[in-house]
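The lines below spell out each chain.
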Amino acid sequence: MSLPKVVSGFTVIPVAYARSTHIIYAKAHASSSKPMKSTLPPERTLFLVNVPVDATERELSLFFRYAGTVERVVFDQNDLADPELQGHASGSGSDSEEEGEEGPDSSMEVDTEDNAETRRRKSRKDKSKDEPAPPNVVPLPAGPHRTLRKTGAVAHVVLLDSSALTKALTALPKPRSWPSSDEPRGLARYRALYDEQRPPLDIVKAHADTAMELYEFELAKSKRKSAYRKGEALVDEDGFTMVVRGGAYGKTLGGGVSVASKQFQSTGKTGNKKKKEPREKMSFYAFQKAEKQRQAIMDLKKNFEEDKARVEKLKRSRRFKPY
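The structure presented is a predicted model; accordingly, all values stated were derived computationally and were not measured.

**Quick word on the overall build of the protein**
Along the backbone of the protein there are ten helices and nine strands. Scored against the burial criterion, the 323 residues of the protein give a buried share of 19%. The contacts of the protein with a sequence gap of at least 6 include a subset with a gap of at least 24, amounting to 60%. Accessible area of the protein: about 25300 Å², with a carbon and sulfur share of 55%.

Dropping the structure here:
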């Protein structure tokens, strides 16, 4: 049974695998938004549906090489926010015209900003010379594994010119074979991923040791940057030593000039709390709990009898005695 050449406006492109045939549906990309047009030009962008789940940019570029040169491949619409793609699509024509229209004053402003930025970089370099370099963390082994996408995924293939797009949308007389790649696929991919997630113990130990060294380095760096260091006075922006209230005897974390706390100045005593004497736990053992419950029941009965006698006494006192 022969395959149709066009389905609902999409060109049918059969892909031949070793034991099966995959179908990709293609059409010219159409968009009304200006940012999308600048990134994906409609006159030379191919829109693909039902892309193989393990397809890579290199494989799609090689597959459509018969039509022309492939400029780039975009799988996800979120990748369009990448500044590299936007800068690549914007080109240099409009920018050069705008730059030519600007006067000499704007160039002087740019030079001033560049000089300021250069001075800031130099100051940062001077400061960085005094600080020790952070230790490098030994990375765990990771190979270039292909990304698996959802079934029926879409992609945009940007070609070099419009003639290449026309040739890519021409129906093929027979299925084209999918290009081969060095990256593992299928079961080999999962085997390689399994081996990577279980690296040798010496590599894991080196990674953990260097990670701990980096953590200790960052911790020491944060302590050095702290304003409250023991043995050093606290100095404000104008260079004056600050008087701070410290502990009971005027001790402060930063050192320098300090005064004692208000409680110590008024009473002469520190604010240390008295230690509470340990109390015996009355309901620790089972027999203590039973004894406590029995005593509570006896007290309840005793109070009931006392209340009953008190009520009876009140009744007798209120009786009417004419004689």
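Now that the structure has been shown, the text picks up again.
**Things to note about unusual backbone geometry**
With the exception of glycine, the majority of residues adopt a negative phi angle, and the majority of peptide bonds are in the trans configuration. At serine 8, a position not held by glycine, the phi torsion is positive, near 55°. Among the secondary structure elements, serine 8 is positioned in the loop between β1 (6–7) and β2 (10–16). Located in the positive-phi region is asparagine 50, a residue other than glycine, with phi close to 65°. Tracing the backbone through its elements, the reader meets asparagine 50 in strand β4 (residues 45–51).

**A short note on a nonpolar patch on the surface**
Taken together, the side chains of Val53, Leu148, Leu187 and Tyr190 present a nonpolar region at the surface, about 370 Å² in accessible area. Its location among the elements puts leucine 148 in the loop between α5 (104–130) and β6 (153–159).

**Let's talk about the packing of aromatic side chains**
Counted under the stated rule, the structure contains six aromatic pairs. Residues phenylalanine 10 and phenylalanine 47 carry aromatic rings whose centres are separated by 6.4 Å and whose planes lie at 50° to one another, so their mutual orientation is tilted. Note that phenylalanine 10 is positioned in strand β2 and phenylalanine 47 in strand β4, a separation of 37 residues in sequence. With respect to burial, phenylalanine 10 and phenylalanine 47 carry one shared label: buried. Taking 6.4 Å as the distance between ring centres and 25° as the angle between the ring planes, the aromatic pair formed by phenylalanine 64 and tyrosine 66 counts as stacked. Like phenylalanine 64, the residue tyrosine 66 is buried in the burial classification. Ring-pair connections join several aromatic residues into one group, and the members of that group are Tyr17, Phe63, Phe64, Tyr66 and Trp178. One cation-aromatic arrangement involves arginine 149 over phenylalanine 75; the distance from NZ or CZ to the ring centre is 3.6 Å. Over the ring of phenylalanine 63 we find arginine 176; its NZ or CZ atom is 5.5 Å from the centre of that ring.

Calculation criteria
- Residues numbered from 1 in each chain as written.
- Predicted model: local features only at pLDDT ≥ 70, side-chain atom pairs only at ≥ 80, totals over all residues.
- Heavy atoms only, no water.
- Helix = DSSP H or I, 4+ residues; strand = E, 2+ residues; numbered from the N terminus.
- Buried < 20%, exposed > 50% of the residue type's maximum accessible area, 1.4 Å probe, protein only.
- Contact = heavy atoms within 4.5 Å.
- Areas by Shrake-Rupley, 256 points an atom, 1.4 Å probe, with all protein chains shown as cover.
- Patch = residues over 30% accessible without salt bridge, like charges linked within 9 Å, V, L, I, M, F, W, Y side chains within 5 Å.
- Salt bridge = Lys/Arg side-chain N within 4 Å of Asp/Glu carboxyl O.
- Phe/Tyr/Trp six-rings, centres within 6.5 Å; stacked < 30°, edge-to-face > 60°.
- Lys NZ or Arg CZ within 6 Å of the ring centre and 35° of its normal.

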